[in-house]
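Close look at the chain arrangement
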Amino acid sequence: MLNIDNIFNNQKLETIDNLESGISILDDLTIWIDRFNSYLLNIDASKNTIISYNIVLKALYQYCEIYISSIEGISYFNELHTNDFLLWMENYRTNRDYGSLKNRVGELLNFIVFSQKDKSSDIFQLRNRYIELLDNAKSQQLNFILDEFEDYFFQNEIEIN
């Protein structure tokens, strides 16, 4: 079993010295992930362990790329970022399949702009007309987004106009 406390106790200073480049969090993460993978190989971690870590680390990199790529280095990754990342991870499959929340909101806004120009009162007709304009992947994404949107209004008993 991997003793994470021992890793941090023995290598904390070395890690901080080597990773704090201050260029960007993405640069620091790239270095850190490469070194962590090398460490896992050196201790003969199982293939499943390595794959599991790589899935989470890839997700962490994607999260940072989307939401906090502007921070200077990994030392600025704080408790708030950690909590946001964990919430984002809970929706990782949704984010992967249908785009991040930021992307989904953007697509919803595109649909709303289209709806305002069309001036039809029936959301289902609007939805069908808009989906006809999109390619298959985008239409699946929009169907998911609009289903979430409609569910919210239905659960909160708000009429959609």
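Scroll up to find the structure.
About the thresholds
Residues numbered from 1 in each chain as written. Predicted model: local features only at pLDDT ≥ 70, side-chain atom pairs only at ≥ 80, totals over all residues. Heavy atoms only, no water. Helix = DSSP H or I, 4+ residues; strand = E, 2+ residues; numbered from the N terminus. Contact = heavy atoms within 4.5 Å. Areas by Shrake-Rupley, 256 points an atom, 1.4 Å probe, with all protein chains shown as cover. Buried < 20%, exposed > 50% of the residue type's maximum accessible area, 1.4 Å probe, protein only. Arc of directions from axis to C-beta. Phe/Tyr/Trp six-rings, centres within 6.5 Å; stacked < 30°, edge-to-face > 60°. Salt bridge = Lys/Arg side-chain N within 4 Å of Asp/Glu carboxyl O.

Side note on the overall build of the chain
- Along the chain, the regular secondary structure elements total eight helices and zero strands.
- Each helix (α) and strand (β) of the chain, taken in turn from the N terminus, gives the series α-α-α-α-α-α-α-α.
- Here the contacts in the chain between residues at least 6 apart in sequence split such that 55% fall between residues at least 24 apart.
- Just so you have it, the chain exposes about 11400 Å², and 52% of that area is on carbon and sulfur atoms.

Re helix α7 (residues 123–132)
- Among all positions in α7, only I123, L126, R127, Y130 and I131 are buried. Projected down its long axis, α7 carries its buried residues within an arc of 125°, all on one side.

Focus on the packing of aromatic side chains
- A complete count under the given rule lists seven aromatic pairs for this structure.
- Three or more aromatic residues joined by ring pairs form one cluster here, namely W32, F36, Y39 and Y53.

Some thoughts on the side chain of S139
- Looking at the element boundaries, S139 is found in helix α8 (residues 136–155).
- Every residue in contact with S139, bar those within four places of it in the chain, is listed here: I131 and L134.

Quick look at the pattern of salt bridges
- Scanning the model with the defined rule gives one salt bridge in all.
- When the shortest N-O distance is used, the salt bridge between R127 and D147 registers 2.7 Å. Separated by 20 residues along the polypeptide, R127 in helix α7 and D147 in helix α8 bring together distant segments of the chain.
- According to the relative accessible area criterion, R127 is buried, its value standing at 9%.
- With relative accessibility at 37%, the residue D147 sits in the partly exposed group.

Shape is all these values report; function is a separate question.
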